[in-house]
Amino acid sequence: MMKKIAALLVISLLLTGCHDVKETVESQTANDVSTTDSLDDSFYRVVNFNTNLNRDNYYTSFGQTSDFQTIGRELQILSTAHFSTADYYMSEGQYLKNEDMNKLLRRSSDPKEYPHTLQVQRGEAIGGVDNPIMVSTVHEQDYYRKEGDKYELKGISLAIVLDPRDENNNRLSTSMDEQIVADFGRQSISKLYDYLQTKKDLKDIPANICVYYATNTNESDINGRYILKSFCENSVGSIDTLNYHNYMFSSEEATAVDEETASQFEIFKSNMKKAATEAVGVIGYGRYKDGTIQSMNIKLNVNVKTYEELIYLVSTAADEIDNQFTGFDIKVLVHSQDDLEAIIIKEQGEKAKSSLLY
């Protein structure tokens, strides 16, 4: 009951924070800005302007996979190389409207109908797939500098989200070869930058354009990742390849890539099973950059019958994390039956800290 009340309070606070939407970005004041006091300095202060009109489509496409957070969070991280978190403010995308998305994502048998489309023209094939639908969406983040009590647009970051499907919009049975997808992504970066130059508000605005290869849920729920980026200022910049990967523990793929972490995870998993009275489920998801693990999220499902049993398993999990893992951040979500009971967080170089939800 207490959890339901807390959830309702959170929803109420979120709803009350959405009033007084302004008509123009120039009229915004500091009252519409979040702080980053509860976060670290890799996050931006967020300016609350108008709602992103593409939010519903984004949620429908990615709300059930890890892409939902990865697309936005890692686009923000990739933006910090060009727009510092100390000097810039971020907002949801305000400049690519529905009509822009139509121009970028639709196609026709007549190439002249959508001359700026990022999609494959009808009659063409890629990777053995005829008339594939390659681009799911273009996700936008805007970056501002504050002048007095006004906010002036100084940069934009865009993620071209590639989610290859057949011409009937069905997921492919196996993922398209990454090199083929990357070659298509390089072309898409140039096309998108050319389109930005046709828009008065965005012409000559520095643009950080990245390409995200979305999760193919027929194969996995964690493999979405950024594969390309280009910082475009007055022209398309150098298009760099990004080496991001996600691996599930335990799996043969994770062991082949990182045997040491895989061994540590197996010990953690074994010790949790020994500590528990009933069955325990343990799954880890590691995020890698340039072959090195950056962070791991662990889902720990326990079956407990008493509060004391829950405390024991949470404490044991925290101890085991301290004993087994070093050098990267870890988050553990502890579920009992269908309820989230606790969260354990271990930041790099620190001891694990646990919080029980009750």
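First, a word on what this report is: a plain description of the structure on this page. Starting afresh in each chain, residues are numbered from 1 along the sequence in its written order. Local features in a predicted model are, by the rule used here, given only for residues with pLDDT of at least 70; side-chain atom pairs are given and counted only at 80 or more, and totals for whole chains, interfaces and linings are based on all residues. Only hydrogens and water are removed before side-chain values are computed, so all heavy atoms of the structure are retained for them.

## Things to note about the overall build of the chain
Line of reasoning, step 1. Summing up its helical and strand segments, the chain has eight helices and 15 strands in all.
Line of reasoning, step 2. Both definitions apply: the radius of gyration is a C-alpha atom measure, and the globule rule equals 2.2 Å times residues to the power 0.38. Rg of the C-alpha trace for the chain: 22 Å, near the compact-globule value of 21 Å for 358 residues, within the 12% margin.
Line of reasoning, step 3. Between buried and exposed lies partly exposed: a residue is buried under 20% and exposed over 50% of the maximum accessible area for its type, with that area taken using a 1.4 Å probe on protein chains only. Within the chain, the proportion of its 358 residues that are buried is 42%.
Line of reasoning, step 4. Accessible surface area values rest on a Shrake-Rupley calculation with a 1.4 Å probe, where residue burial reflects the displayed protein chains alone. With the model as given, the accessible surface of the chain reaches about 19,100 Å², and the carbon-plus-sulfur share is 48%.
Line of reasoning, step 5. Here the chain contributes 36 positively and 55 negatively charged side chains, and the mean placements of these two sets differ by 3 Å. A run of DSSP states H or I qualifies as a helix once it reaches four residues; a run of E qualifies as a strand once it reaches two. Both are numbered from the N-terminal end. Note on charges: Lys and Arg go in the positive column, Asp and Glu in the negative column, and His and the chain ends are not counted at all. Where a charge sits is defined by one atom per residue type, namely NZ (Lys), CZ (Arg), CG (Asp) or CD (Glu).

## Things to note about the pairing of strand E8 (residues 225-232)
Line of reasoning, step 1. Most of E8 is tucked away, with seven of its eight residues classed as buried.
Line of reasoning, step 2. Being paired, for any two strands, means DSSP has found at least two bridges between them. Bridge count between strand E7 (residues 207-213) and E8: seven bridges; the pairing is antiparallel. When the bridges of E8 are listed, Tyr213 appears paired with Arg225.
Line of reasoning, step 3. With two bridges joining them, E8 and strand E9 (residues 240-241) adopt antiparallel strand pairing. Residue Leu228 lies in a different strand from E9, and its bridge partner there is Thr241.

## Re helix H3 (residues 67-79)
Owing to its 3.6 residues per turn, the α-helix aligns residues three or four sequence positions apart on the same side.
Line of reasoning, step 1. Expected helix span is computed as 1.5 Å times (number of residues minus one). The terminal C-alpha atoms of H3 lie 18 Å apart, and with 13 residues this matches the ideal 18 Å at 1.5 Å per residue to within 8%.
Line of reasoning, step 2. Every buried residue of H3 is accounted for by Asp67, Thr70, Ile71, Gly72, Glu74, Leu75, Gln76, Leu78 and Ser79.

## Brief notes about the packing of helix H2 (residues 55-62) against H3
Line of reasoning, step 1. Whenever a helix is involved, its axis is fitted only over the stretch in contact; in every case the axis is a line through C-alpha atoms, and angles between N-to-C directions fall within 0 to 180 degrees. Two elements in contact, H2 and H3, have axes separated by 9 Å at closest approach and are oriented at 125°. Taken together, the axes of H2 and H3 are oblique relative to one another. The residues of H3 that touch H2, namely those facing Tyr58, Tyr59 and Phe62, are Asp67, Phe68, Ile71 and Gly72.
Line of reasoning, step 2. When residues are sorted by character, Ala, Val, Leu, Ile, Met, Phe, Trp, Tyr, Cys and Pro go into the nonpolar class, Asp, Glu, Lys and Arg into the charged class, and all the rest, Gly among them, into the polar class. Taken together, the residues of the contact of H2 with H3 sort by class into five nonpolar, one polar and one charged. Should an angle fall under 35 degrees it is taken as roughly parallel, and over 145 as roughly antiparallel, whereas 65 to 115 is taken as roughly perpendicular and any remaining angle as oblique. Residue contacts are counted whenever heavy atoms from the two residues lie within 4.5 Å of one another.

## Thoughts on the packing of helix H7 (residues 259-275) against helix H8 (residues 307-324)
Line of reasoning, step 1. Where H7 contacts H8, the axes come no closer than 10 Å and their chain directions differ by 155°. Put simply, H7 runs roughly antiparallel to H8. Where H7 crosses over H8, the handedness of that crossing is right-handed. Residues Gln264, Ile267, Phe268, Asn271, Met272 and Ala275 of H7 lie in contact with H8, whose contacting residues are Tyr312, Leu313, Thr316, Ala317, Glu320, Ile321 and Gln324.
Line of reasoning, step 2. In the contact of H7 with H8, the residues fall into eight nonpolar, four polar and one charged. Crossing handedness is defined as follows: a turn of the near helix away from the far one that is anticlockwise and smaller than a right angle gives a left-handed crossing, while the clockwise case is right-handed.

## Quick notes on the layout of surface pockets
Line of reasoning, step 1. In this model, the second largest pocket occupies a volume close to 450 Å³.
Line of reasoning, step 2. In the cavity and pocket records, a cavity denotes points on a 1 Å grid over the protein atoms alone where a 1.4 Å probe fits but cannot get out, a pocket denotes an open set with protein on both sides within 12 Å along at least 5 of 7 lines, and lining residues are residues with an atom within 4 Å of a point. Along the walls of the second largest pocket sit 17 residues, with Asn57, Ser61, Leu105, Ser136 and Thr137 positioned nearest its centre.
Line of reasoning, step 3. Only H2, helix H4 (98-105), strand E5 (133-147) and strand E6 (150-165) provide two or more residues apiece to the lining of the second largest pocket.
Line of reasoning, step 4. Broken down by class, the residue content of the lining of the second largest pocket amounts to five nonpolar, nine polar and three charged. Grid points are joined across faces, edges and corners, and a volume is the space filled by probe spheres set on the points.

## Points about the nonpolar core
Line of reasoning, step 1. As used here, the term nonpolar core means buried Ala, Val, Leu, Ile, Met, Phe, Trp, Tyr and Cys residues forming a set that is joined through side-chain atoms within 4.5 Å. Leu96, Val138, Ile160, Met176, Leu192, Leu196 and Ile209 are the most contacted members of the largest nonpolar core, which totals 40 residues.
Line of reasoning, step 2. Residue assignment for this core shows that the elements contributing at least two residues are H4, E5, E6, helix H5 (178-196), E7 and E8.
Line of reasoning, step 3. Look past the residues within four positions of Val138 in its chain and what remains in contact with it is Leu96, Met101, Leu104, Leu118, Leu158, Ala159 and Leu192.
Line of reasoning, step 4. Of all hydrophobic cores here, the second largest spans 32 residues; its members include Ala262, Leu313, Ile344 and Ala352.

## Things to note about the packing of aromatic side chains
Line of reasoning, step 1. Pairing of aromatic side chains requires ring centres within 6.5 Å, counting the rings of Phe and Tyr and the six-membered ring of Trp. Pairs whose planes differ by under 30 degrees are stacked, by over 60 edge-to-face, and all others tilted. Scanning the entire structure with this criterion turns up 17 aromatic pairs.
Line of reasoning, step 2. With a centroid separation of 6.3 Å and 65° between ring planes, the pair formed by Phe49 and Tyr151 is classed as edge-to-face. Within this pair, whereas Phe49 is found in the loop between strand E1 (45-46) and H2, its partner Tyr151 is found in strand E6, the two being separated by 102 residues in sequence. Of the two residues, Phe49 and Tyr151, both sit in the buried class.
Line of reasoning, step 3. Among the aromatic residues, those joined into a ring-pair cluster are Tyr44, Phe83, Tyr88, Tyr143 and Phe231.
Line of reasoning, step 4. In this arrangement the basic side chain of Arg45 is found over the ring face of Tyr89, its NZ or CZ atom lying 4.0 Å from the centre.
Line of reasoning, step 5. In this arrangement the basic side chain of Arg145 is found over the ring face of Tyr88, its NZ or CZ atom lying 5.1 Å from the centre. Charges are assigned to positions over rings by a cutoff of 6 Å between ring centre and Lys NZ or Arg CZ, combined with an angular limit of 35 degrees from the ring normal.

## Remarks on unusual backbone geometry
Line of reasoning, step 1. Here the bond from Phe249 into Ser250 is cis, since omega is 0°, no more than 30 degrees from zero.
Line of reasoning, step 2. For Asp290, which is not a glycine, the phi torsion comes out positive at approximately 50°.
Line of reasoning, step 3. In this fold, Asp290 is placed in the loop between strand E11 (281-289) and strand E12 (292-302).
Line of reasoning, step 4. For Asp290, a relative accessible area of 52% puts it in the exposed group.

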